[in-house]
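Residue-level listing of the chains:
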Amino acid sequence: MLSSKSNELLANTIWNFAFYTHIILGGVALFIGWLQFNSKLRIQNLSIHRTIGKIYVICVLPSSLAGIGIGFFATGGFVAATGFICLGIIWFTTTLIAYLKIISGHMEQHRRLMIYSYAACFAAVTLRIWLPLLIMIFGDFIIAYSIAAWLCWIPNMLIATLIAKRLINT
């Protein structure tokens, strides 16, 4: 994906800082976030759950903001940029509100919002699944990337909605 960027953008210190902030902290969040859904860990060792949760939030907030920033320079123009910027806003917002809900004692709202937060985080994986498939289908990187910018997170949010609704009904 970096090969599609201009040399001028790749030489920009602010863009590079945002890009590496996004991928490094986002990678940490992706790596540790799934642990938070292990009810056995949460029940048996709440302090580990809280510590991992704090690390997740500390990683997501700057990573999502950096993602919003680099989203403005997405290959594919307005369509791709809008998809990635929306994803960044959703990731930031769901995570921040989930954090505020847990510190104010609203555990169920926190749990539901964290499902959406991790679904947004997991878009990093689904992007890498969709993109090669879409390139094979359309034979064009720009078209595939513009579609993947939306397809990497919208189905994730739909699945998160189903999971969150199941939590409400149990």
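Rules used in this analysis
Residues numbered from 1 in each chain as written. Predicted model: local features only at pLDDT ≥ 70, side-chain atom pairs only at ≥ 80, totals over all residues. Heavy atoms only, no water. Core = buried A, V, L, I, M, F, W, Y, C linked by side-chain atoms within 4.5 Å. Buried < 20%, exposed > 50% of the residue type's maximum accessible area, 1.4 Å probe, protein only. Helix = DSSP H or I, 4+ residues; strand = E, 2+ residues; numbered from the N terminus. Contact = heavy atoms within 4.5 Å. Polar contact = N/O pair within 3.5 Å; in protein donor to acceptor, adjacent residues only side chain to side chain. Expected span 1.5 Å × (residues − 1). Axes fitted to C-alpha atoms, helices over the stretch in contact; angles between N-to-C directions. Parallel < 35°, antiparallel > 145°, perpendicular 65-115°, else oblique. Left-handed = near helix turned anticlockwise from the far one by under 90°. Nonpolar A, V, L, I, M, F, W, Y, C, P; charged D, E, K, R; others polar. Salt bridge = Lys/Arg side-chain N within 4 Å of Asp/Glu carboxyl O. Phe/Tyr/Trp six-rings, centres within 6.5 Å; stacked < 30°, edge-to-face > 60°.

> Looking at this structure, how should I read the nonpolar core?
By size, the foremost hydrophobic cluster in this structure holds 36 residues, and its most contacted members are Ala29, Tyr56, Phe84, Trp91, Cys121 and Cys152. Put simply, the parts of the chain that give this core at least two residues each are helix H2 (13-33), helix H4 (46-71), helix H5 (78-103), helix H6 (107-121), helix H7 (123-138), helix H8 (141-151) and helix H9 (154-168). Not counting chain neighbours up to four residues away, the residues in contact with alanine 29 comprise Tyr56, Cys59, Val60, Trp91, Tyr118 and Cys121. Counting six residues, the second largest nonpolar core, distinct from the first, contains Leu9, Phe19, Ala66 and Ile70.

> Whenever I open this one, the side chain of threonine 94 confuses me. Can you help?
With respect to the secondary-structure elements, threonine 94 resides in helix H5. Assessed through its relative accessible area of 12%, threonine 94 is described here as buried. Looking at threonine 94, its side chain comes within polar contact range of the main-chain oxygen of isoleucine 90, at 2.8 Å. Those residues in contact with threonine 94 that lie beyond four places of it in its chain are Leu113, Tyr116 and Ser117.

> Help me understand H7, please; the structure alone is not making it clear to me.
Note: α-helices contain 3.6 residues per turn, so residues at a spacing of three or four share the same orientation. The end-to-end C-alpha distance of H7, which contains 16 residues, comes to 21 Å, matching closely the 22 Å that a straight helix rising 1.5 Å per residue would cover. Regarding H7, the residues found buried are Ala123, Thr126, Leu127, Leu131 and Leu134. Summarising the contacts, the buried residues of H7 are in contact with H5, H6, H8 and H9. Backbone geometry just after H7 places glycine 139 at a positive phi near 70°.

> Can you help me understand the packing of H5 against H8 in this one?
Think of two packed helices as two axes; the pair is described by the angle between the axes and how far apart they sit. Taken N-terminus to C-terminus, the directions of H5 and H8 make an angle of 20°; their axes are 8 Å apart at the nearest point. Considered as vectors, H5 and H8 are oriented roughly parallel to each other. For the pair H5 and H8, the sense of crossing is left-handed. Seen from H5, the contacting residues are Val79, Ala80, Thr82, Gly83, Phe84 and Cys86; seen from H8, they are Tyr145, Ser146, Ala149 and Trp150. Taken together, the residues of the contact of H5 with H8 break down into seven nonpolar, three polar and no charged.

> What's the story with the environment of leucine 162 in this structure? I'm lost.
Secondary-structure assignment places leucine 162 in helix H9. Separated by 108 residues in the primary sequence, leucine 162 and lysine 54 have C-alpha atoms spaced 26 Å apart.

> Honestly, the pattern of salt bridges in this entry has me stumped. Any pointers?
Any two side chains of opposite charge can pair, on the condition that their charged atoms come close. Throughout the structure, instances matching the rule amount to one salt bridge. Close ionic contact of glutamate 108 with arginine 111 constitutes a salt bridge, the shortest N to O distance being 3.4 Å. Here the residue glutamate 108 and the residue arginine 111 both occupy positions in helix H6, the gap between them amounting to three residues, near one helical turn. Judged by relative accessible area, glutamate 108 falls into the partly exposed class, the value being 37%.

> Just to check I follow, could you spell out the packing of aromatic side chains for this structure?
Centre-to-centre distance and the angle between the planes together describe a pair of aromatic rings. Following the criterion strictly, the structure yields eight aromatic pairs and no others. A ring pair is formed by tryptophan 15 and phenylalanine 19, whose centres lie 5.0 Å apart and whose planes are at 10°; its orientation type is stacked. Placement of the pair is tryptophan 15 and phenylalanine 19 together in helix H2, with a separation of four residues, close to one helical turn. A single burial state applies to tryptophan 15 and to phenylalanine 19, both of which are buried. Each member of the aromatic cluster is reached from another via a ring pair, and the members are Phe37, Tyr56, Tyr118 and Phe122.

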